[in-house]
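So the chains spell out like this:
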Amino acid sequence: MAVTEIDSSAETSGTTKAASADNRPRRKTKIFDHVVLWLGVLLMMGPIIVAFTTSTFDHVTIHREGMQFGWGGEFVETYKNVLYQEGGFTGEVTGLLMTQNSLILGLGFAIGKIVVSMLAAYAIVYFRFPLATFSFWVIFTTLLLPLEVRILPSYEVVQQLGMLNTYSGLIIPLIASATGTFFFRQFFKSVPNELMEAARIDGAGPVQFFWDILVPLSKTMMAAIFIIMFVVGWNQYLWPTLMTTEEGYFTLVRGIRNIMQQMIGADIPEYNEALAMAMLAMLPPALVIIIFQRMFIKGLVEQEK
Amino acid sequence: MTTLRIRNAIKQYPNGAQAVKGVSVDVEDGELVVFVGPSGCGKSTLLRMVAGLEEVTDGEIELNGRVVNNLEPADRNIAMVFQNYALYPHMSVRKNLAYGLKNRGTPSDEIDRKVEEAGALLQISEFLDRKPSQLSGGQRQRVAMGRAIVRNPAIFLFDEPLSNLDAKLRNQMRLEIKKLQRRLDTAAIYVTHDQVEAMTLADRIVVLNNGMVEQIGTPTEVYSRPATTFVASFIGAPPMNLIPGELSKGQLHIGAHSMPMNSAHAGPVTFGFRPERAHMNGAASGLAVEIGVIEELGAHRLIHGRVGDHEVTVAQDAELPPPDGRMMLAFNEQDTHLFDPDTGARV
């Protein structure tokens, strides 16, 4: 009896059964997926949220009770202080000024890198000159020589050029980029050669071809590299610390440390302000990524050709 | 008058390989010349030498009476249509058409007029403000031709322009290219590996093989009087049948069979005949073919068989009854071809 029942039901509702059986494990994995995702979100966002909530308390509370999870009510006061209060040794540097310095460094770093590496890649891919491949690999090997390795000679050069405590001294020594050159080289190589030939027949010279054809085609690629490089530039710490001694050139990232350090002594460190500054320092890179996110992914996965 | 004269053009790459080994071709005014040959025969290289995209190692390229060997492509008064169209993907169709004129410093009202004209001529007026990615293959092909037309070149260069299209569209565009070229009455070189395209489009065909010219002639000449065995087997589908034989005293001997041949030549030859130019006579005499496979193609059928050790193919009208077992072939005098077995040249 039981056997026939199973048989008949398998016959009549075989398809629906298979479908629902298919569905159940899929829903299970869906829930599992979301649990994993939420864990990831918690892990990544947790510290930031705690840092933010803590920054709304006053520093005495933080010193006494540690990190806070609630809303401290000191939000406006703290952030106003961080942005506008003149601090530092000379008492002339504000959070706003440091934000501005960071922006100059981040933008100069990213734009400079894009310009230099695009031009280098253009030369390597489209012009036949002696040792072209060799020079590419020389550029490429500079990946093995990050700033930290060559910091003394770099400092020496910048110092001798009289570029200490200038924006150009902060930015220019950093803008040569092997990674950028490599990315653009790969991209240019994937642009069909016929485009260049068509442009030649259309009477476009090397500069025109670069400007009229290659630059517009590279837009998404440029956006992707801009995001990466802006964040890297914004987060520079070691190089600005060496290059600039005047507080008027301090960046946000350095400012955080400054707040913590200057208060050490009899006073309680202004934990809340340091945390608030960290929040501020995180904001622009996050905004850049949110705004350019779509172009970023487009630049990495597809090319408009 | 002659638009283009290629004199003994040689292309040698730095590694010593020769892609074009001394080719001379003339293109007359308003003439459409097709370069045809298998891949790697140097036809595209030759075209690119005319365009100025490849340097000429030796020889001369003369366009409208002016040697252009050392001129930039833009200064040669040529226009080229590429296989993959090579449209600028970020520019609208209008800008694609106008780009070359703009670079030449043409006044903008003249550019507008020419672009509109070309758009109307090619029926792409309604797409002028779209990007190439929003167009179909055939439309892109038209835009690529439009880009060539607006420049009023002395000669059009087509580099396998139809090979990215599907078969139906290819036939249609082929006809349009021919019409357009007739209407503009401008000389053109058309490179293809497709012998059907070559036969249908060309005023004259240049058959290239291995960097050298095998034959230059009208489609009819190339088809009915191939200069070499290469041309004989390359032009025509299915290709010409080639069978080794022996010629002596006006008689051609193939195996046991012999037939009279009006030729003073003597010694070993390669005998050729076109599949569609053989008669099957019911008589007992003729070239005996052992029948193998028969392919029905609707309008006609292809009969594959053997003469001795050699495969031959014969085409037959499908209305005739299919032969069986063995058939006897006879030929008209003008449909037989004799080639030197060593050099492949016609005798």
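Remember, it's a predicted structure, so these values are computed and weren't measured experimentally.

What counts, and at which threshold
Residues numbered from 1 in each chain as written. Chains lettered and ligands numbered in written order. Predicted model: local features only at pLDDT ≥ 70, side-chain atom pairs only at ≥ 80, totals over all residues. Heavy atoms only, no water. Contact = heavy atoms within 4.5 Å. Buried area = accessible area lost by both parts, 1.4 Å probe. Salt bridge = Lys/Arg side-chain N within 4 Å of Asp/Glu carboxyl O. Polar contact = N/O pair within 3.5 Å; in protein donor to acceptor, adjacent residues only side chain to side chain. Helix = DSSP H or I, 4+ residues; strand = E, 2+ residues; numbered from the N terminus. Nonpolar A, V, L, I, M, F, W, Y, C, P; charged D, E, K, R; others polar. Buried < 20%, exposed > 50% of the residue type's maximum accessible area, 1.4 Å probe, protein only. Domains from an automatic or database assignment. Phe/Tyr/Trp six-rings, centres within 6.5 Å; stacked < 30°, edge-to-face > 60°. Lys NZ or Arg CZ within 6 Å of the ring centre and 35° of its normal.

Draft legend 1. Spotlight on the interface of chain B and chain A. Taken together, the contact between chain B and chain A spans 22 residues of the former and 18 residues of the latter. Around 1800 Å² of area is buried between chain B and chain A when both sides are counted, 57% of it from carbon and sulfur atoms. By the criterion of area lost to chain A, the three top residues of chain B are Tyr88, Pro89 and His90 of chain B, representing 29% of everything that side buries. Counting the contacts that link chain B with chain A gives three salt bridges. The partner of Arg200 of chain A in a salt bridge is Glu72 of chain B, and the shortest N-O contact between them spans 3.8 Å. Linking chain B with chain A are 12 residue pairs in polar contact (both at pLDDT 80 or more). Listed by contribution, the elements that provide at least two residues to the side of chain B that touches chain A are strand E6 (78–81) and helix H2 (93–103) of chain B. Ranked by residue count, the leading element in the side of chain B that touches chain A is H2 of chain B, at three residues. When grouped by side-chain class, the residues that make up the side of chain B that touches chain A number 12 nonpolar, five polar and five charged.

Draft legend 2. Region of the structure containing the side chain of Thr53 of chain A. All names here are of chain A. Mapped onto the elements, Thr53 comes out in helix H2 (residues 14–55). A residue is classified by how much of its surface remains accessible, and Thr53, at 11% relative accessible area, is buried. Apart from residues no more than four positions distant in its own chain, Thr53 is found in contact with Gln68, Phe69 and Gly70.

Draft legend 3. Region of the structure containing the environment of Arg182 of chain B. Residues and elements named next belong to chain B. Along the chain, Arg182 falls in helix H5 (residues 167–184). Taking C-alpha positions, Arg182 is 20 Å from Leu169, a pair spaced 13 residues apart along the chain. The residues touching Arg182, leaving out its near neighbours within four places in the chain, are Gly30 and Asp203. Within polar-contact distance, the side chain of Arg182 engages the side chain of Gln181 at 2.9 Å.

Draft legend 4. Spatial organisation of the pattern of salt bridges. Residue and element names in this part refer to chain B. One pass over the structure, following the stated rule, counts 21 salt bridges over all chains. The partner of Glu160 in a salt bridge is Lys43, with the nearest N and O atoms 3.9 Å apart. Here Glu160 is found in the loop between strand E7 (155–159) and H5, whereas its partner Lys43 is found in helix H1 (residues 43–51), with 117 residues between them in sequence. For the pair Glu160 and Lys43, a shared accessibility class is recorded, and that class is buried. Ionic pairing is found between Arg142 and Glu176, a salt bridge with its closest N-O pair at 3.2 Å. Note that Arg142 is positioned in helix H4 (residues 137–149) and Glu176 in helix H5, a separation of 34 residues in sequence. Residue Glu176 is classed as partly exposed on the basis of its relative accessible area, which comes to 22%. Look at the salt bridges and you will find they share partners, linking Arg5, Arg7, Asp26, Glu60 and Glu62 into a network.

Draft legend 5. A look at the domain arrangement of chain B. Residue and element names in this part refer to chain B. Here the domain parsing of chain B yields domain 1 (2–233) and domain 2 (242–339). Taken together, the nine residues of domain 1 in the interface contact seven residues of domain 2. Carbon and sulfur atoms supply 58% of the area that domain 1 and domain 2 bury against each other, a total of about 650 Å² over both sides. Sorting the residues of domain 1 by area buried against domain 2 places Tyr223, Thr229 and Ala232 first, and these three jointly supply 69% of that buried surface. One can count zero salt bridges joining domain 1 with domain 2. Where domain 1 packs against domain 2, one counts two residue pairs in polar contact (both at pLDDT 80 or more). Breaking the side of domain 1 that touches domain 2 down by element, the ones donating at least two residues are helix H7 (219–224) and helix H8 (229–234). The residue makeup of the side of domain 1 that touches domain 2, split by class, is five nonpolar, four polar and no charged.

Draft legend 6. Region of interest: the packing of aromatic side chains. Going through the model one piece at a time under the given rule, you end up with 30 aromatic pairs over all chains. Geometrically, the ring pair formed by Tyr126 of chain A and Phe188 of chain A is tilted, given 6.2 Å between the ring centres and 55° between the ring planes. A residue pair is termed long-range when its members are at least 10 positions apart, and Tyr126 of chain A in helix H5 (residues 95–126) and Phe188 of chain A in helix H9 (residues 178–190) qualify at 62 residues. Each member of the pair, Tyr126 of chain A as well as Phe188 of chain A, carries the same accessibility label: buried. Lying over the aromatic face of Phe250 of chain A, Arg254 of chain A brings its terminal NZ or CZ to 3.8 Å of the ring centre. Across from the ring centre of Tyr88 of chain B, 4.9 Å away, lies the NZ or CZ of Arg147 of chain B, which sits over that ring.

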